Amino acid sequence: MFLRLLLFSALTFYNLFACSGGYSSCVQKVHDAHALQNNTLYIPVNSKYRLVQSTSKPDANIVKYDPFLGLYLVKDSHPFAYPFSLDSKIKSPLAMVTDKKSCRASIVQRQLGLNSFAKLRQPLIVPSLLTTACCSLSGVVSSRGVIEKEYLAHFMASKEQRVVYGDIGIRLQQHKKSAVVSAKDPFFEKNPLQKGDRIVAFDGKKVYSAAALMRSILFSKIGSKHTLLYEREGKKKKTTIIVQKRYGGGYVSDTFLEKKGLYFDAKLHLTKISGAFSNYGLKVGDRLIQVNKKAVKSQKELRNYIEKHHNIASLLFERNGFEFFVNIK
């Protein structure tokens, strides 16, 4: 009991000192914690584990991971006595912090799901921790932007070895004070929503923020039922939708073909093949050139085409200068 009280007192003193000392104390904490290793974030989040943000698999004992956001929870061989907390209720300005410097930062656009990380007003310091003056973690700064603490908390709370996200077959964008459907997954069954629909309410609660709504969808349990009130051409309609598993987004391609088993890089080379497509003779590295004789050069072009023409009859691939068709059954 005495040791617990002593530890609690030490932690309280450390946090109070951090709040009063400004971001210089956070810089020192990042340095002391070795939270930056080989230009990669290794953030101590408790006495046993560290949170890693990386686009490649870390050389560590991995407990769980999130391929969409490049997050890993790894065992800590050298525990740090004062881990970074995610649950601070103290509101204070934010700063990007490394083991050498800090820079004040302000969020100008919230993270909108897996595909659009939060944006800062200031130039990004990559990688860095986004912290309060009390050194509480508000996000991690990557080359794509900021992964906000809500997503970090969801990752930490997940009991899955490979983190799972929910999906209702739509992507969203913010339009003034409304959440508007920006894309629809044509392979999502019994989805009445269309591109351009405005989401009015989710489970009876009014919707104003696309970012908040997308978090509610992504963090929903697979198989759970939810009610949506949406507006189309001035008329409001209500529907019930069942959450399914999300297959693409973030650092994973999001062309809607992921649900069918095809994953791509930025130039449409195959990075992973699964499901029914495992029997089509395709190989990792094959590059997609055409869909139904329509040329595609990017994930965006591919998704736009699939969204409008979900009946895919043929795919043209290129492998080492040789082009070949794959006819879809």
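Coordinates for the structure precede this section.
The structure displayed is predicted, hence computed values, not measured ones. The numbers attached to residues start from 1 for each chain and follow its sequence in the written order. For this predicted model, a pLDDT threshold of at least 70 governs which residues receive local features, and a threshold of 80 or more governs which side-chain atom pairs are given and counted, while totals over whole chains, interfaces and linings are taken from all residues. Side-chain measures were taken over the full set of non-hydrogen atoms in the model, leaving aside hydrogen atoms and water.

By disulfide we mean two sulfur atoms from cysteines, separated by a distance within 2.5 Å. On inspection of all chains with the given rule, the structure shows one disulfide. Shown here is the disulfide that connects Cys-26 with Cys-135, its sulfur atoms set 2.2 Å apart. Its S-S torsion of about -105° marks the bond between Cys-26 and Cys-135 as left-handed, since a negative value means left-handed. Here Cys-135 lies in the loop between strand 10 (128-132) and strand 11 (137-142) and Cys-26 lies in helix 2 (residues 23-33), a separation of 109 residues in the sequence. Both residues of the pair, Cys-26 and Cys-135, count as buried. Distance from the sulfur of Cys-103, which forms no disulfide, to the nearest cysteine sulfur (Cys-26) is 14 Å. Categorising residues by exposure relies on relative accessible area from a 1.4 Å probe, with only protein chains included: less than 20% of the type maximum marks a residue as buried, more than 50% marks it as exposed, and the intermediate range marks it as partly exposed. With a relative accessible area of 29%, Cys-103 lands in the partly exposed category. Numbered from the N terminus, helices here are DSSP runs of H or I no shorter than four residues, and strands are runs of E no shorter than two.

Now for the environment of Phe-187. By secondary structure assignment, the location of Phe-187 is in the loop between strand 15 (178-184) and strand 16 (198-202). Classification of Phe-187 by relative accessible area gives buried; the value is 16%. Sequence separation of Phe-187 and His-310 is 123 residues, and the distance between their C-alpha atoms is 7.4 Å.

Between any two strands, at least two bridges found by DSSP are needed for them to pair. Across the sheet, which stays open at both edges, the four strands sit in the order 24-23-25-26 with antiparallel pairing between neighbours. Bordering the open sheet on either side are strand 24 (294-295) and strand 26 (322-327), each of which pairs with just one other strand. In the sheet, strand 23 (residues 287-291) pairs with strand 24 via two bridges, with the strands oriented antiparallel. Bridge pairing links Val-291 to Lys-294 in strand 24.

So, about helix 3 (residues 149-157). Residues three or four positions apart in an α-helix share a direction because the helix packs 3.6 residues into each turn. If you check which residues of helix 3 are buried, you get Tyr-151, Leu-152, His-154 and Phe-155. Projected onto a plane normal to the axis of helix 3, the buried residues spread over an arc of 160° and lie on a single side. Contacts from the buried residues of helix 3 go to strand 3 (49-53), strand 4 (62-66), strand 5 (71-75), strand 11, strand 12 (145-148) and helix 4 (210-218). Arc, as used here, means the arc of the directions from the helix axis to the C-beta atoms. The contact criterion used throughout is that any non-hydrogen atoms of two residues lie within 4.5 Å.

As judged from the six bridges shared by strand 25 (residues 314-319) and strand 26, these two strands associate in the antiparallel manner. By the bridge assignment, Leu-315 is partnered in strand 26 with Val-326. Taking the residues between adjacent antiparallel strands as the criterion, strand 25 and strand 26 are bridged by two residues, where Asn-320 takes a positive phi near 55°.

The next subject is the nonpolar core. In this structure, Ile-43, Leu-69, Ile-147, Tyr-165, Leu-172, Ile-199 and Leu-213 are the most contacted members of the largest nonpolar core, which totals 54 residues. The residues touching Ile-147, leaving out its near neighbours within four places in the chain, are Gln-53, Leu-69, Leu-71, Gln-111, Phe-117, Gly-139, Val-140 and Leu-152. Throughout this description, the term nonpolar core refers to a set of buried Ala, Val, Leu, Ile, Met, Phe, Trp, Tyr and Cys residues connected via side-chain atoms within 4.5 Å. Counting residues in hydrophobic clusters, the runner-up holds 21 residues, among them Ala-183, Phe-277, Leu-282 and Leu-288.

Strand order in the open sheet formed by five strands is 1-2-3-5-4, with antiparallel pairing between adjacent strands. Each edge of the open sheet carries a strand with a single partner, namely strand 1 (36-37) and strand 4. With four bridges joining them, strand 2 (residues 40-44) and strand 3 adopt antiparallel strand pairing. Looking at the pairing, Tyr-42 lines up with Val-52 of strand 3.

What follows deals with the pairing of strand 3. In terms of burial, strand 3 is largely enclosed, as four of its five residues are buried. What sits between the antiparallel neighbours strand 2 and strand 3 is a turn of four residues. Here five bridges tie strand 3 to strand 5, and the two strands are oriented antiparallel to one another. In the sheet register, Arg-50 faces strand 5, and the bridge partner there is Val-74.

Here we take up empty space enclosed by the protein. Method remark: on a 1 Å grid restricted to protein atoms, a set of points is classed as a cavity if a 1.4 Å probe fits but cannot get out and as a pocket if it is open with protein on both sides within 12 Å along at least five of seven lines; lining residues have an atom within 4 Å of a point. Grid points are joined across faces, edges and corners, and a volume is the space filled by probe spheres set on the points. Counted under the stated rule, the structure contains one cavity of 30 Å³ or more. In this structure, the largest cavity encloses a volume near 70 Å³. Taken together, Asp-167, Arg-171, Asp-185, Lys-245, Arg-246, Tyr-247, Gly-248, Asp-254, Phe-256, Glu-258 and Lys-259 make up the full set of residues lining the largest cavity. Residue polarity follows a fixed list, in which Ala, Val, Leu, Ile, Met, Phe, Trp, Tyr, Cys and Pro are nonpolar, Asp, Glu, Lys and Arg are charged, and the others, Gly among them, are polar. Here the lining of the largest cavity is built from residues that sort into two nonpolar, one polar and eight charged.

As a further point, take the pattern of salt bridges. The salt bridge criterion pairs a side-chain nitrogen of Lys or Arg with a carboxyl oxygen of Asp or Glu, the two atoms within 4 Å. Tallying each qualifying case throughout the model produces 13 salt bridges. Two residues, Glu-148 and Arg-110, come together in a salt bridge whose shortest N-O distance is 2.7 Å. Here Glu-148, found in strand 12, pairs with Arg-110, found in the loop between strand 8 (107-109) and strand 9 (119-120); they are 38 residues apart in sequence, far enough to count as distant. Between Glu-150 and Arg-110 there is a salt bridge, with its nearest N and O atoms 3.2 Å apart. Placement of the pair is Glu-150 in helix 3 and Arg-110 in the loop between strand 8 and strand 9, with a sequence separation of 40 residues.

By themselves, these observations are geometric and do not establish any function.
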